[in-house]
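# Geometric and topological summary
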Amino acid sequence: MPLMYSQRLKNGSPLLFCAIATVLLANAAQAQSNSETDAGSGADSNIQTSVFGHLPDGRQVDVYQFTNANGIELRVTNYGGIILSLKTPDMDGKFDDIALGFDSLEAYLSDEYRQANPYFGAIIGRYGNRIAGGQFSLDGESYSLATNDGSNHLHGGEQGFDKVLWQAEPFESEAGTGLVLRYTSEDGEEGYPGKLETEVTYTLTDNDELMVEYRAVTDKATPVNLTQHSYFNLKGEGSDTILDHQLMINAPEFTPVNDTLIPTGEIRSVDGTPFDFTQATPIGERIEQDNEQLSFGGGYDHNFVLARDDAASDELVVAAKVWESQSGRMVEITTTEPAIQFYSGNFLNGDLTGKQGQAYGHRSGFALETQHYPDSPNQEAFPSTTLEPGDTYLSRTIYRFSAQESFDE
Ligand code: BGC
């Protein structure tokens, strides 16, 4: 399939897209050659593959394990592109798995999990977050999507990109090792217009980064908003709450919501509110304040508008940093996206038991999802999420993991 990087989204920077295109092309070529040798054999010490299980229709689901030069270990499955585990060192060099999730495919397929629907570690698409009433119009046509979150559409519908089997090719490149995942979402799938060919690349670098690159093309105009839905607890998954983690979000503004978590359209300054994370602040410090926005989310569940000199630019910017004092672990997130959803795990309630056999209690993990704003298809003033045929959706987010004695070190 020819790549169309010469054409791009309205706001795109050609230089950045060229750089991403080069990496993606190199990755794809590398994946092609590696797939014959590494995939399935587990022969390469940095990349190991194994069978995770089978879907009810018999299709095999695999797990891909990557280890970088410093011992960081990432495990990903091609079911939903889910990050199953991520082991990183603390200040003393002790490794813990910091990503919430499960040990077995059955757990991800269970009714219990599907009902709770926390989307642990998954790729989210075709549209991350909510679309009001599951309705939108595009080019004069009205579209109806599943209302799988009360009266709204959430994270792509009943069977979003988190619940489909992706075609996977592991690769080793100069940047590191990783996995190219591809999925074709048919015209009309989950009610969305256009056949969308999607590619998501995970790269684990020796610089202790996890790079996630998204690319998509369509044959009809369609909304697209892809993201990654990992929950982290920097003390190790299965630990208590994340309320003591210190968070910085590089966002002077956020988008307030109504009581069904749909943006009102206002873009509000964080100044003087519990949403001001421009300076590192413990997540729990203001979470119980008497504040209408916090009450709507049951805590933080909001879209933060990232600081950019030029609002239309998609240069990489630091979006957020989180640091935890016991372990010293820090994650820094940079992105080409205009916003980030900060979700403080408010709907986790102890009903789901994770990898260590520990119940995932209230606020025992946080998610920071780089994205365009929720409900953009219905909000003309928000940056557009419409992908036109002939254009290429490109997005990149980098998570950098480290351990240090203080937030600012
Ligand atoms: C949303 C939450 C939702 C969670 C899990 C987040 O992205 O903002 O409202 O509960 O995903 O579904």
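Above this text is the structure in question.
A short tour of the structure in this document, coming up. (Residues numbered from 1 in each chain as written. Predicted model: local features only at pLDDT ≥ 70, side-chain atom pairs only at ≥ 80, totals over all residues. Heavy atoms only, no water.)

### Quick look at the sheet that holds strand 25 (residues 339-343)
Basically, it comes down to this: Strands are treated as partners if at least two bridges between them are detected by DSSP. Secondary structure elements follow DSSP: runs of H or I of four or more residues count as helices, runs of E of two or more count as strands, with numbering from the N terminus.
An order of 17-26-25-22-19-20 is seen for the six strands of this open sheet, with the pairing classed as antiparallel. The sheet terminates laterally at strand 17 (231-232) and strand 20 (268-269), the two strands that pair on one side only. Sheet analysis places strand 19 (residues 253-255) next to strand 20, joined by two bridges and oriented antiparallel. Looking at strand 20, one finds that glutamate 253 is bridged to serine 269.

### Details of the site of the ligand
Applied cut-off: By convention in this text, a residue qualifies as near a molecule or strand provided that one of its non-hydrogen atoms is within 4 Å of it. Polar contacts, as used here, are pairs of N or O atoms within 3.5 Å; protein pairs need one atom able to donate a hydrogen and one able to accept it. Residues neighboring in sequence count only if both atoms are side-chain atoms. All accessibility values rest on the Shrake-Rupley procedure with a 1.4 Å probe; residue burial counts only the protein chains present in the view. Cavities and pockets were defined on a 1 Å grid built over protein atoms only: a cavity is a set of grid points that admits a 1.4 Å probe from which the probe cannot escape, a pocket is an open set flanked by protein on both sides within 12 Å along at least five of seven lines, and lining residues are those with an atom within 4 Å of any such point. What decides whether a molecule sits in a cavity or pocket is whether more than half of its atoms lie within 2 Å of the grid points. Polar here means any residue outside two lists: the nonpolar Ala, Val, Leu, Ile, Met, Phe, Trp, Tyr, Cys and Pro, and the charged Asp, Glu, Lys and Arg; Gly therefore counts as polar.
Contacts to the ligand come from 15 residues, most closely from Arg130, His229, Asp301, Phe347 and Glu369. With respect to the ligand, the side chain of histidine 229 contributes an N or O atom lying 2.8 Å from an oxygen atom. Between the ligand and glutamine 341, the relevant distance is 3.2 Å, taken from an oxygen atom to a side-chain nitrogen or oxygen of the residue. Burial of the ligand by the surrounding chains reaches 96%, relative to a free accessible area of 300 Å². With respect to the detected pockets, the ligand is housed in the largest pocket. Its residues assigned to classes, the shell around the ligand comprises seven nonpolar, five polar and three charged.

### Quick notes on empty space enclosed by the protein
Operational definition: Grid points are joined across faces, edges and corners, and a volume is the space filled by probe spheres set on the points.
Enumeration over the complete set of coordinates arrives at four cavities of 30 Å³ or more. As for the largest cavity, its lining consists of Tyr79, Ile82, Tyr108, Tyr113, Arg114, Asn117, Tyr119, Phe120, Ala122, Asp162 and Lys163. Looking at the lining of the largest cavity residue by residue, the classes come out as seven nonpolar, one polar and three charged.

### Describing the layout of surface pockets
To find leftover empty space, one rolls a probe the size of a water molecule over the atoms. When its volume is computed, the largest pocket comes out at roughly 420 Å³. Surrounding the largest pocket, 25 residues form its lining, Ala116, Asn117, Pro118, Tyr343 and Phe347 being those nearest its centre. Of all the secondary structure elements, the ones that give two or more residues to the lining of the largest pocket are helix 3 (111-116) and strand 25. Top contributing element to the lining of the largest pocket by residue count: helix 3, with three residues. Residues of the lining of the largest pocket, tallied by class, amount to 10 nonpolar, nine polar and six charged.

### What about the pattern of salt bridges?
Defined as follows: Salt bridge, as used here: a side-chain nitrogen of Lys or Arg that lies within 4 Å of a carboxyl oxygen of Asp or Glu. The buried label goes to any residue with under 20% of its type's maximum accessible area, the exposed label to any with over 50%, and the partly exposed label to all in between, with areas taken from a 1.4 Å probe on protein chains only.
Applying the stated criterion across every chain, the model contains 16 salt bridges. Aspartate 187 serves as the salt-bridge partner of lysine 220, at 2.5 Å between the closest nitrogen and oxygen. Placement of the pair is lysine 220 in the loop between strand 14 (209-218) and strand 15 (222-223) and aspartate 187 in the loop between strand 12 (176-185) and strand 13 (196-204), with a sequence separation of 33 residues. For lysine 220, a relative accessible area of 38% translates into the label partly exposed.

### Examining unusual backbone geometry
In this chain, glycine 125 is followed by arginine 126 through a cis amide linkage whose omega measures 0°. Note on placement: arginine 126 falls in the loop between strand 6 (122-124) and strand 7 (130-131). At asparagine 117, a position not held by glycine, the phi torsion is positive, near 50°. In this fold, asparagine 117 is placed in the loop between helix 3 and strand 6. Of note in this structure, leucine 261 is not a glycine but carries a positive phi near 70°. Tracing the chain through its elements places leucine 261 in the loop between strand 19 and strand 20.

### Description of the sheet that holds strand 1 (residues 47-54)
What counts here: Geometry is summarised by axes, namely lines fitted to C-alpha atoms with helices restricted to the contacting stretch, and by angles between N-to-C directions that run from 0 to 180 degrees.
In spatial order, the strands read 1-2-3-4-5; together these five strands make up an open sheet with antiparallel pairing. Each end of this open sheet is capped by a strand with a single partner; those strands are strand 1 and strand 5 (95-97). Each adjacent strand pair in this sheet contributes to an overall mean axis angle of 15°, direction not counted. In the sheet, strand 2 (residues 60-67) pairs with strand 3 (residues 73-77) via five bridges, with the strands oriented antiparallel.

### Focus: the packing of aromatic side chains
So the rule is basically this: Note on ring pairs: Phe, Tyr and Trp rings are taken, using the six-membered ring of Trp, and paired if centres are within 6.5 Å. Classes follow the plane angle, with under 30 degrees stacked, over 60 edge-to-face and the rest tilted. Two limits define a charge over a ring: the Lys NZ or Arg CZ must be within 6 Å of the ring centre, and within 35 degrees of the ring normal.
Taken as a whole, this structure holds 28 aromatic pairs when the rule is applied. For the ring pair phenylalanine 52 and tyrosine 108, a centre distance of 6.4 Å and an interplane angle of 55° mean the geometry is tilted. With phenylalanine 52 in strand 1 and tyrosine 108 in helix 2 (residues 105-109), this pair connects stretches of sequence that are 56 residues apart. Each member of the pair, phenylalanine 52 as well as tyrosine 108, carries the same accessibility label: buried. Ring plane angle 75° and centroid distance 6.0 Å describe the contact between phenylalanine 232 and phenylalanine 401, whose orientation is recorded as edge-to-face. In this pair, phenylalanine 232 sits in strand 17 while phenylalanine 401 sits in strand 28 (residues 393-403), placing the two residues 169 residues apart along the sequence. Among the aromatic residues, those joined into a ring-pair cluster are Phe52, Phe102, Tyr108, Tyr113, Phe120, Tyr231, Tyr343, Phe347 and Tyr360. Above the ring of phenylalanine 277, the side-chain terminus of arginine 286 is found at 4.8 Å from the ring centroid.

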